[in-house]
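Breakdown of the fold
So you can see what is in the structure, the chains are spelled out below.
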Amino acid sequence: MENFTFKNTTDIRFGKDRLETELQAAIAQFGQKVLVTYGGGSIKKSGLYERVMKALAGLDVTELSGIEPNPKIASVREGQKLVKDNDIDVILAVGGGSVIDASKVIASAKFYDGDPWDLVLDSKKRFAIDQLPVVDILTLAATGTEMNTGSVISNPETKQKLGTGGPNTPAVSFLDPSLTFSVSKWQTAAGSIDIFSHLTEQYFDQKGYENDVRNGLIEGIMRTVIKWAPVALREPDNYDARANLMWASTMALNGLPRTGNVNSWSVHPIEHELSAYYDITHGVGLGILTPHWLDFIYSEETKPYFVSLGRNVWDLTGDDDAVATQTIVKTREWLASLDVPTTLPGVGIETDQDFDAMAKSAVQVNHLDQNAFVKMTAADVRNLLEASMK
Ligand SMILES: NC(=O)c1ccc[n+]([C@@H]2O[C@H](COP(=O)([O-])OP(=O)(O)OC[C@H]3O[C@@H](n4cnc5c(N)ncnc54)[C@H](O)[C@@H]3O)[C@@H](O)[C@H]2O)c1
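Residues numbered from 1 in each chain as written. Predicted model: local features only at pLDDT ≥ 70, side-chain atom pairs only at ≥ 80, totals over all residues. Heavy atoms only, no water.

An unreviewed UniProt entry annotates the protein chain as Fe-dependent ADH family (YqdH) originating from Fructobacillus tropaeoli.

If you want it as structure tokens, here you go:
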């Protein structure tokens, strides 16, 4: 196991009906001037907006609406102006990963006078400045952003979707599974795949095999997603299903499962290229790429990981070779069972015209190969994209 430091200060408030009694104080501890951020209006339809505004009564509220999926730098720029002009003390992000990710970068941008895209291109700049506290009310189980320092921001002008890390995790995260009853089947499947992908990215790590704490955490969270995603798809109002998916999303990417590892991700950087060029749903893109990536990384060296996954997650029995190969089959079948596209043409990507540019950018800009267990060249990425056409 590698040396590691683990510190995560997010105050988690998990469960139903806590906003009315706890939200005001959770915000007011940081000041009176709050920027409330949200997306395209699902919170108005569900009644959540009204509940939030009622709970914030008496505070000085400014609003930023319209933060889109795969959040764009334009929304961050708009937020930067609002936090500066109104001298905001704290941001309340109400939504899924897109709203929370954008809010974290806006929180840094209050203390930066240049274009916030600079902060995305170079996260080190964010560690040199202050960051407003972010409180969030999560409405979609997927990203783990509610308990990590990451954000992913898109710039359509430069065709880039890039990850950026800041100094702080959200200060307080309200995780009420019942707020996710209204999430569509498409987004429920995409969110579940995102959680699953966070786990596979962290599982295949050259130092991971002897780290049983990490292995057990990842395998346990994987079993949780595999079990409960189909239930949430069948029964959107099933509290246990939504609760398990929500806590799985948080636990999968709050830093714990990667402790003691050398970790570098492969599928996410490639998906970020797909979303940058075609603005597709992140989790659906991951689900298309993941089985082909598993095919690519399978070797005698990685086989023990496939065997553990097969035995501990998919309940497979038999000799090691059979279990290892069946693990990929089972993963493919589970992803397909979630009823979202499994090929690039299924999400409207009909040609390979951008594959060379995307493969180059995945390796050179999204740093795909830095410490990856199985490194990928641009040619490997291109082959993976080709394989994902069918
Ligand atoms: N910061 C991280 O660690 C991290 C990790 C993985 C992915 N991401 C990024 O997060 C983004 C995706 O976030 P996401 O998957 O949470 O989805 P999202 O925030 O983009 O939301 C997807 C859609 O679901 C709708 N929605 C949200 N909550 C709803 C509800 N309760 N009922 C009905 N509709 C609802 C939204 O309005 C939106 O249209 C991508 O940009 C991805 O790259 C970030």
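One way to put it is that helix α9 (residues 212-234) packs onto helix α10 (residues 239-252) with a least axis distance of 9 Å and a crossing angle of 145°. You can see that α9 and α10 cross each other, and the crossing is left-handed. Contacts from Ile221, Thr224, Val225, Trp228, Ala229, Val231 and Ala232 of α9 reach α10 at Asp240, Ala241, Arg242, Asn244, Leu245, Ala248, Met251 and Ala252. Grouping the amino acids of the contact of α9 with α10 by side-chain chemistry returns 11 nonpolar, two polar and two charged. (Axes fitted to C-alpha atoms, helices over the stretch in contact; angles between N-to-C directions. Helix = DSSP H or I, 4+ residues; strand = E, 2+ residues; numbered from the N terminus. Left-handed = near helix turned anticlockwise from the far one by under 90°. Contact = heavy atoms within 4.5 Å. Nonpolar A, V, L, I, M, F, W, Y, C, P; charged D, E, K, R; others polar.)

This part takes up the UniProt feature "domain: Alcohol dehydrogenase iron-type/glycerol dehydrogenase GldA" (unreviewed entry) in the protein chain. When the UniProt feature table is mapped to this numbering, "domain: Alcohol dehydrogenase iron-type/glycerol dehydrogenase GldA" (unreviewed entry) covers residues 10-177. Here residues 10-177 runs as 35% helix and 24% strand, with 18 Å between its end C-alpha atoms. (UniProt positions renumbered as here; feature names shortened; annotations may be inferred.)

A word on unusual backbone geometry. The phi dihedral of Asn70 is positive, around 50°, even though this residue is not glycine. Position of Asn70 relative to the elements: it lies in the loop between β3 (60-64) and α4 (73-85). Its relative accessible area of 9% is what places Asn70 among the buried residues. For Lys159, which is not a glycine, the phi torsion comes out positive at approximately 50°. Its place among the elements puts Lys159 in the loop between β6 (150-155) and β7 (160-165). (Buried < 20%, exposed > 50% of the residue type's maximum accessible area, 1.4 Å probe, protein only.)

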